[in-house]
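Coordinate analysis (summary)
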Amino acid sequence: MDALLLQILNGLDKGSAYALIALGLTLIFGTLGVVNFAHGALFMIGAFCAVFIQGLLNLSYETIDETQKDFLGNPLKVKTPYLENWFGPETGGAIIDWSVPLAILFAIPVMIAVGVIMERGLIKHFYKRPHADQILVTFGLAIVLQEVIKYFYGANPIPTPAPSSLTGAFDFGVLLGFDPNAVIYPYWRMIYFVFAMSIIGAVFAFLQFTTFGMVVRAGMADRETVSMLGINIDKRFTMMFGIAAAVAGLAGVMYTPIAPPNYHMGMDFLVLSFVVVVVGGMGSLPGAVLAGFLLGILESFASTTWATTTIPGINQVIIYVVAIIVLLTRPRGLMGRKGVMEE
Amino acid sequence: MAILEVKGVNKRFGGLAALSDVNLTVQESTVHAIIGPNGAGKSTLLNCLVGKLMPDSGSVMFDNRSVLGRKPHEINQMGISRVFQTPEIFGDLTVLENIMIPCFAKRDGAFRMHAFEQFANEAELIDKSDAILADVSMADQRDAHAASLSRGDKRRLEMAMCLVQEPRLLLLDEPTAGMARADTNNTIDLLKEINSKRDITMVIIEHDMHVVFSLAERITVLAQGTPLVEDTPDNIKGNPKVQEAYLGESQI
Amino acid sequence: MLGLNKNDTTLFVVIIILTILAPFLLNPFPTESTLAQFNAGYPDLMEKFVVFGIFAIGFNILFGLTGYLSFGHAAFLGVGSYSAVWIYKLFTYNVIPALILAVIVSGIFAILIGYVSLRRSGIYFSILTLAFAQMSFALAYSVLSNPKFNLTNGETGLQIYANDLQLFHRESLPNFPHIFGLSMGSTYKLGVGPWEFQFNVAYYFCALMMIASFYFAIRLFRSPFGMMLRAIKSNQQRLNYTGLNSRPYMLAAFVVSGMYAGLAGGLLAVTDPLAGAERMQWTASGEVVLMTILGGTGTLIGPVLGAGFIKYFENIFSKINDQVLHQWFTFLPDGIEDFLVAIVHPFIGKGWHLTLGILFMLVVIFLPGGLVEGGQRIARIARRLMNRDKAADAANVSAE
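1. Structural notes on the sheet that holds strand 1 (residues 2-13) of chain B
Residue and element names in this part refer to chain B. What the four strands build is an open sheet, ordered 2-1-4-5; its pairing is antiparallel. The sheet terminates laterally at strand 2 (16-27) and strand 5 (65-66), the two strands that pair on one side only. Summarising the sheet, strand 1 and strand 2 pair through eight bridges and their orientation is antiparallel. If you follow Leu4 over to strand 2, its bridge partner there is Val26. Contacts between helix 1 (residues 42-49) and the sheet are confined to strand 1, strand 2 and strand 4 (57-62), with strand 2 contributing the most and set at about 65° to the helix.

Structure representation (structure tokens):
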């Protein structure tokens, strides 16, 4: 029982990331009819927003401390971040410590801008081109974005820790009457899950309760009719692209403490997110979220020692196997509308 | 002899009954028109005949064999060809190639891996295609790109693609929609000739009454998914029920 | 000739001549000259040209003719390599059985993947093939590499060890892939003045395979089957209403295409007897897409050109470093020299992928027909200019 709970919890953080990326993919596919192979790159750029902010906050100047010697006997060079100089070591240190959450503030405008520029500058010109061309050009863009990041930050993962007060773990088991240490769950993962849920909730509420959202939903159902109503749907879709980019970016920012970001993390997530979208049902937002969590949890179960000793490497392929079974038995996916995915 | 028999066909889309209890008998070698106001279920009925839609209940017999549950390509192989409302042709291929494909389909009947064969050895099919192109007076456009044809020519090409298969039943979905009067008359002549010379049964869905009354030997009037009346053109003209169904529409 | 029309025959003969003379043509610079780094006439790179040429020709049969974009073709490449290496390990270093098995196994693999993936079209097909390729990669990388059942040797890659069975291997035979005793590694070097040309068995063997593949591709493109595939790309619904089920055609095209990839994978193991999982990663699938698009989708020669182009620049660009750049720009004033080097720096060496990505986007956006279309455009402009000159000349003459 406790093991079961542990695996479900373990699946939640990855599931959250899948759900957020899949949500953005579905939004873009549903509104613009474009399959965005660069969406993983947006996730990655979000993660590097956190890296950038961490670097920025850590900008330091060097002073020479004559009282201390390094191991060669020379005077010790001490790096002091400007922030600590400005705000005093305490406040300054705290700001640096909280660089990942702070990066959110930076990432939102940046990601929206990236998304809008991408749509206006590139994707817009591909609405009337074949799907294959859309896939290809976004694939090319993904490579370019990846390589640009690699040029600036190198190929190695960059550790981006969570605030130190949030690095601990929470003992869930005790709460539910299990043995201590049976079900421990890091705070940050819990935060990631809550964060993901609130973003998902915000997106749904936005689509449900605003006129903007209503038009977008109508546009997802039938683009031509809405554009005939005289509503400037294109502008709204551009905004939608920006929002989808922001969702992916925020998912990336918050994921950095869970796994240190590297330049190709986006691609790894993208492929799985596509599978998530297909399993959830192409064009279905709730389907994307549901499938994201389900597959994340499934993957976590497949990663248990029991599973991997029974079938080695099962955790690597389980998602694909499920996707194939779903496609063969229920082609439109878990929550897809009839006819959407059956061609 | 009846070549096509539709019995008690029902089809619902959600809450909407598109077809309810449709019965239709088409005699061999005749031209049978289906008319009716918009939304009467004409196209739905046609889609049920070619395997695009599956009726909820009822039976569709072609030549005493059921077509229900068969795939479109299987139904075509039984001898039913279809002309679409907007011409469906292979735009990237040449006119001749467009005709060759139904020729292969007719001769081979199913998939064949002729990856290492050559067109040079298919003289018989090429002759047949050329002959049909001459029949629809498109011989001089033989090597043109099909996408570059005019709409009228695309329509004729599609017709030729169906004819070359020598179908027993030809279904036409508004074959003159959007055509100029002269083109319409040419099409009528072409269809008349096809019917008499090749002995192909035809079912036509049409809005243009001029076309209907020039061609059809029997007319079925559909209204709200149900056949209202089936009769000869002369009787249909004077039928008050039909006028009501149409007047209702034209007054809008 | 050989059932090809005049234009195709010319193209085919040109291809044959180019591949045979490649060791000369690709080696225009003397060995000692500073430009020697641009030479491509060494076996390793020439083999890559032809092997990836085969891969791209096969991919083009699927994508170019039917318009179905597979993002998982590298899986077949990998399967081909693994099959070939297993023949080496179990039986013999002779490449013929290795290649036969590579093609058969990748064909079977393609049937399985194709059967499922082809239930969908358009983007769903692309996503499905992508998922399959990633799954194959995961299978090769970890699942099928465990003490109980080690088929792929995981991260290390499958290679031949001294204690392998090699049932039909004899002392007299080379300890390297060979064809009936003639080692694939043997190279004949011909020195002409300052030049040195290398004639390598593996290259010529692969070249022969590419010529055969190319010939079969021409025949397929021009056959009724090829026409059916183009018909699917053009209007799949019409084909279905014309009495033919499109699916078996698609599956056949997918399998043929997969077998080409398998052959290419087998040939990679001919030039170097090992097989690694990274060959199956989806970036590798992306690469063959790049080659085909860059060269010219749906054309016969395009994929071969694209493969050559990408492999050449991959090798050359990744070799250029700042030092080389400084040499090039040395004639410029120092400041400008440094500036130019700094500008070019991100695009060379390890930055080659950035160049590739940008190039790829540019081609998709502005030149959907790839290099072939580019060449045609240039030819058209040149012709127009020539005609104008002629017309001008004629006008001058008449004016006089």
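2. What about the interface of chain C and chain B?
Many authors give the size of an interface as the accessible area that is lost as the parts come together. Each partner contributes to the interface: chain C provides 25 residues, whereas chain B provides 30 residues. Counting residues per element, the side of chain C that touches chain B draws most heavily on helix 7 (residues 224-241) of chain C, at 14 residues. Its residues assigned to classes, the side of chain C that touches chain B comprises twelve nonpolar, nine polar and four charged.

3. Overview of the pairing of strand 6 (residues 80-83) of chain B
Residues and elements named next belong to chain B. Where burial is concerned, the two faces of strand 6 agree: the one with Ile80 and Arg82 and the one with Ser81 and Val83 are both buried. Sheet topology places strand 6 next to strand 7 (residues 169-173); four bridges connect them, and they run parallel. Paired with Ile80 across the bridge in strand 7 is Leu169.

4. A look at helix 14 (residues 314-329) of chain A
Taking 1.5 Å per residue, 16 residues should reach 22 Å; helix 14 of chain A reaches 21 Å between its end C-alpha atoms and fits that length. Within helix 14 of chain A, the full set of buried residues consists of Ile314, Asn315, Gln316, Val317, Ile318, Ile319, Tyr320, Ala323, Ile324 and Leu327 of chain A. Those residues of helix 14 of chain A that are buried lie in contact with helix 11 (265-280), helix 12 (285-302) and helix 13 (305-310) of chain A together with helix 4 (95-117) and helix 5 (122-143) of chain C.

5. Quick notes on the interface of chain A and chain C
On the chain C side, the residues contacting the 29 residues of chain A number 34 residues. Breaking the side of chain A that touches chain C down by element, the ones donating at least two residues are helix 5 (131-153), helix 11 and helix 14 of chain A. Classifying every residue of the side of chain A that touches chain C gives 22 nonpolar, four polar and three charged.

6. Quick notes on helix 10 (residues 233-255) of chain A
Between its first and last C-alpha atoms helix 10 of chain A spans 33 Å; for 23 residues at 1.5 Å apiece the expected length is 33 Å, and the two agree. Most of helix 10 of chain A is tucked away, with 19 of its 23 residues classed as buried.

7. What to know about unusual backbone geometry
Residues and elements named next belong to chain B. A positive phi angle, near 55°, is found at Asp63, a position not held by glycine. Here Asp63 is to be found in the loop between strand 4 and strand 5. Residue Asp63 is classed as partly exposed on the basis of its 16 C-beta neighbours within 10 Å. Even without glycine at this site, Gln224 takes up a positive phi of about 50°. Note on placement: Gln224 falls in the loop between strand 9 (218-223) and strand 10 (226-231). Exposure remark for Gln224: the 15 C-beta atoms within 10 Å place this residue in the partly exposed category.

Parameters and conventions
Residues numbered from 1 in each chain as written. Chains lettered and ligands numbered in written order. Predicted model: local features only at pLDDT ≥ 70, side-chain atom pairs only at ≥ 80, totals over all residues. Pairing = 2+ DSSP bridges. Helix = DSSP H or I, 4+ residues; strand = E, 2+ residues; numbered from the N terminus. Contact = placed C-beta atoms within 7 Å. Axes fitted to C-alpha atoms, helices over the stretch in contact; angles between N-to-C directions. Nonpolar A, V, L, I, M, F, W, Y, C, P; charged D, E, K, R; others polar. Buried ≥ 20, exposed ≤ 12 C-beta atoms within 10 Å, placed from the backbone. Expected span 1.5 Å × (residues − 1).

Fair warning: the whole summary comes from geometry, so function is off the table for now.
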